[in-house]
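Observations on chain architecture
The residues making up each chain are set out below.
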Amino acid sequence: MTHSVLIKNGTIVTAADSYQADVYIKGEAVHTIGKNLNALPPFNQANKIIDATGCYLFPGGIDPHTHMELPFMGTYSSDSFESGTLAGLYGGTTTIIDFAIQAQGKSLNAGLDEWHRKADGQAVGDYAFHLAVTDFNEQTQAEVQEVIQKRGVSSFKIFMAYKGALMVDDLQIARLMAETARFGGMVIAHTENGDMVANNVAQLLTEGHTGVKYHGLSRPPICEAEAAGRFMDLAHHGEHECYIVHLTCEESLNRVRKATQRNQRVFVETCIQYLMFNDSQYELPGFEGAKWIFSPPLRKAKDQEALWHGMNQNLIHTVATDHCPFCLDQKRMGEQDFSKIPNGAPGIENRFELMYSEGVEKGRISLNKFVDVTSTAAAKIFGMFPRKGTIAVGSDADIVIFDPTVEHTYSVENQHMNCDYSAYEGWRVKGKCRTVLLRGTVAIDEGKTLINKGFGKYIHRAPVMEPLLSESQKTGDTPCQIG
Ligand SMILES: [Zn+2]
């Protein structure tokens, strides 16, 4: 008999609605949504009945920007797919989109193979991949169609920063945009001007400025805004849609605003740390500020304000984490030279609850906007909707039973991320993920893990937008298969 669950008396919240109803789950998907199902067979004979009185039922969070086991700056990010996705589940995130990286000189497929080796059979939560292209040439161009149609990866990331390592030039970006668009793929970008940054870093180090705070000063908003503007210009020129990852500042946001004036469609992501912190963290004594060294860096309070408003103006669509933890020993590689501090911080376990506590509870965003930026928009933009990103009949039963009354405090002592510090140590948050279901199975309940590594499935994503090919030329599988 197929396993069934009834969640009764909760308030369902999607990006569009909020209403009280019971949810009946059969197997991995939502089967029925209705009032008082608890009084009717077969719903009241479910294998498991969960009382969600006083709780919200949110679609499982989707974090569209993570880096598990990323080889970077001479070391590896400290979360594996197992520990990272488990921490995500504790924090209400049921699906991640991690970045598989093509090694320069190697194929795109080899990059994807490598990331499947890290994740398959290891992940606890569901996962999909973006593919970061570090070397776009005739050989890699020939792989694009297969990557989109056969391997379920429809978003291609480029770095305009990290000169000499991951950075690509404008011609490669334009060509990649053209090739991916043919098959319904989209280019997404880390927008910082790598030449300007490299020059600033060299100059600061020459002048003997080696401390933490110079990280921020080496990458001012203009570096980000210039690259964001150039990226959007390249997309506009080729008539492509595009997505900017981790946008941090007012200056970049205003370039996005400007792009909309020529009827361009740009998708924008920010990350939780840019909403929660400003660059005063870099003034903390000693090496403390290294905990918040990532790129782009933290900005000013006015930029935080702009980001919150940008969400409500529909200029910013998703809030991710760029989860890329490094332990303090790893961070200390840059104790004498800020440019050697591994860039990245933990956050996957905190994003969802922080957005509720700081966003909804403080009146900055509505409940529906909260669901949109933490889940629905990412599912829609990246070809996973409506299987992921909502609570609806037929959708995967990825559901967070969220108690808005519980207050708790973040600490390295109680986190599940594999990192020896919390970026939010001592933060008091209102609202807690009480129970988390992944594809109909209770994954987390009241602080207990109920599933094992390998439970997480790879999500084959559909094209991110309508391919430019005609109907007859389209091949490939049903959109968004699992497995
Ligand atoms: Zn990243």
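To start, this report covers the structure provided alongside it. (Residues numbered from 1 in each chain as written. Predicted model: local features only at pLDDT ≥ 70, side-chain atom pairs only at ≥ 80, totals over all residues. Heavy atoms only, no water.)

**Quick notes on the overall build of the protein**
For clarity, the cut-off: The helix and strand labels rest on DSSP assignments: H or I over at least four residues marks a helix, E over at least two residues marks a strand, and numbering proceeds from the N terminus. Radius of gyration means the value over C-alpha atoms here, while the globule rule gives 2.2 Å times the residue count to the 0.38 power. Think of it in three bands: residues with accessible area under 20% of the maximum for their type are buried, residues over 50% are exposed, and the middle band is partly exposed, with areas taken using a 1.4 Å probe on protein chains only. Any two residues having at least one pair of non-hydrogen atoms within 4.5 Å are treated as being in contact. The Shrake-Rupley method, run with a 1.4 Å probe sphere, supplies the accessible areas, and residue values consider only the shown protein chains as cover. Just so you know, the count uses Lys and Arg for positive and Asp and Glu for negative, and it drops His and the chain ends. Charge positions come from single atoms, namely NZ of Lys, CZ of Arg, CG of Asp or CD of Glu.
When helices and strands are counted, the protein shows 14 helices and 19 strands. Taking 483 residues into account, the globule formula puts the C-alpha radius of gyration at 23 Å, and the protein, at 22 Å, falls close to it. Seen along its three principal axes, the alpha-carbon backbone of the protein occupies a region of about 75 × 60 × 45 Å. The buried share among the 483 residues of the protein stands at 60%. Sequence-distant contacts in the protein: of pairs separated by 6 or more residues, those separated by 24 or more amount to 75%. Accessible surface computed for the protein: about 17,900 Å², of which carbon and sulfur atoms make up 49%. Both charge centroids of the protein, one from 45 positive and one from 57 negative side chains, sit 2 Å from each other.

**Topic: the pattern of salt bridges**
How we decide: In what follows, salt bridge is the name for a side-chain nitrogen of Lys or Arg lying within 4 Å of a carboxyl oxygen of Asp or Glu.
One pass over the structure, following the stated rule, counts 27 salt bridges. Each member of the salt-bridge network shares a partner with another, and the members are Glu28, Asp126, Arg387, Lys388, Asp396, Asp398, Arg439 and Lys457.

**Side note on the coordination of the zinc ion**
So the rule is basically this: Because no water is among the atoms considered, metal sites can look incomplete, with donors defined as N, O and S atoms within 2.8 Å of the metal, or 3.2 Å for Na, K and Ca.
Within the first shell, the zinc ion binds the protein through His65 (NE2), His67 (NE2) and Asp322 (OD), at distances of 2.0 to 2.2 Å. Taken in sequence order, the residues that donate to the zinc ion follow the motif H-x1-H-x254-D. Classification of His65 as buried rests on a relative accessible area of 0%. Residue classification places His67 among the buried positions, given a relative accessible area of 5%.

**Topic: helix H5 (residues 170–182)**
Put simply, the rule is: Helices are assigned an expected span. That span is 1.5 Å times one less than the residue count. In the analysis that follows, any N or O atom pair within 3.5 Å is treated as a polar contact, provided that within protein one partner can donate a hydrogen and the other can accept it, and provided that, for residues neighboring in sequence, both atoms belong to side chains.
The first and last C-alpha atoms of H5 sit 19 Å apart over 13 residues, in line with the 18 Å expected at 1.5 Å per residue. Considered for burial, the residues of H5 that qualify are Gln172, Ile173, Leu176, Met177, Glu179, Thr180 and Ala181. Summarising the contacts, the buried residues of H5 are in contact with helix H3 (138–141), helix H4 (144–149), strand E11 (155–159), strand E12 (186–190) and helix H8 (221–238). Capping the start of H5 is the job of one residue whose side-chain oxygen sits 3.2 Å from the backbone nitrogen of Leu171: Asp169. The first or second residue beyond H5 is Gly184, which carries a positive phi of 80°.

**Let's talk about the packing of H8 against helix H9 (residues 250–260)**
To keep it simple, the criterion reads: Lines fitted to the C-alpha atoms define the axes, with helices restricted to the stretch that makes contact. Angles between their N-to-C directions range from 0 to 180 degrees. Roughly parallel refers to an angle under 35 degrees, roughly antiparallel to one over 145, roughly perpendicular to one between 65 and 115, and oblique to any angle outside these ranges. With the far helix as reference, a near helix turned anticlockwise by less than a right angle produces a left-handed crossing, and one turned clockwise produces a right-handed crossing. Classes in brief: Ala, Val, Leu, Ile, Met, Phe, Trp, Tyr, Cys and Pro nonpolar; Asp, Glu, Lys and Arg charged; the others, Gly included, polar.
At their nearest, the axes of H8 and H9 sit 8 Å apart, and the two run at 20° to each other. Between H8 and H9, the crossing angle belongs to the class labelled roughly parallel. Between H8 and H9 the crossing geometry is right-handed. Between H8 and H9, the contacting residues are Pro221, Ile222, Glu224, Ala225, Glu226, Ala228, Gly229 and Met232 on the first element and Glu251, Ser252, Arg255, Val256 and Ala259 on the second. Of the residues that constitute the contact of H8 with H9, the class distribution is 7 nonpolar, 2 polar and 4 charged.

**Examining the pairing of strand E10 (residues 126–132)**
For clarity, the threshold we go by: Clockwise travel from the first strand over the helix to the second, with the strands pointing away from the viewer, marks a crossover as right-handed. Any two strands between which DSSP finds at least two bridges are classified as paired.
In terms of burial, E10 is a largely internal element, 7 of the 7 residues being buried. Neither face of E10 is open: one carries Asp126, Ala128, His130 and Ala132, the other Tyr127, Phe129 and Leu131, and all of them are buried. With respect to chirality, the unit in which strand E9 (residues 93–101) leads through helix H2 (residues 108–119) into the neighbouring parallel E10 is right-handed. Across 2 bridges, E10 lies against E11 in parallel orientation. Note that in E11 the partner of Ala132 across the bridge is Lys157.

**Notes on unusual backbone geometry**
Residue Pro41 is joined to Pro42 through a cis peptide bond whose omega torsion reads 5°. With respect to the helices, strands and loops of the structure, Pro42 is situated in the loop between strand E3 (29–34) and strand E4 (48–51). In this chain, Ser295 is followed by Pro296 through a cis amide linkage whose omega measures -5°. Position of Pro296 among the secondary structure elements: in the loop between helix H10 (272–276) and helix H11 (301–312).

**Concerning the pairing of strand E14 (residues 266–271)**
Of all the 6 residues making up E14, 6 are buried; the element is thus mostly covered by neighbouring parts of the structure. With burial as the criterion, each face of E14 is covered, one bearing Val266, Val268 and Thr270 and the other bearing Phe267, Glu269 and Cys271. Looking at chain direction, strand E13 (residues 242–244) and E14 are connected through 3 bridges and run parallel. By the bridge assignment for E14, Cys242 is matched with Val266. Taken together, E13, H9 and E14 constitute a β-α-β crossover, and its handedness is right-handed. Where E14 meets strand E15 (residues 318–320), 3 bridges bridge the pair, whose relative direction is parallel. Considered in E15, the bridge of Thr270 is made with Val319.

In short, geometric facts, not functional conclusions.
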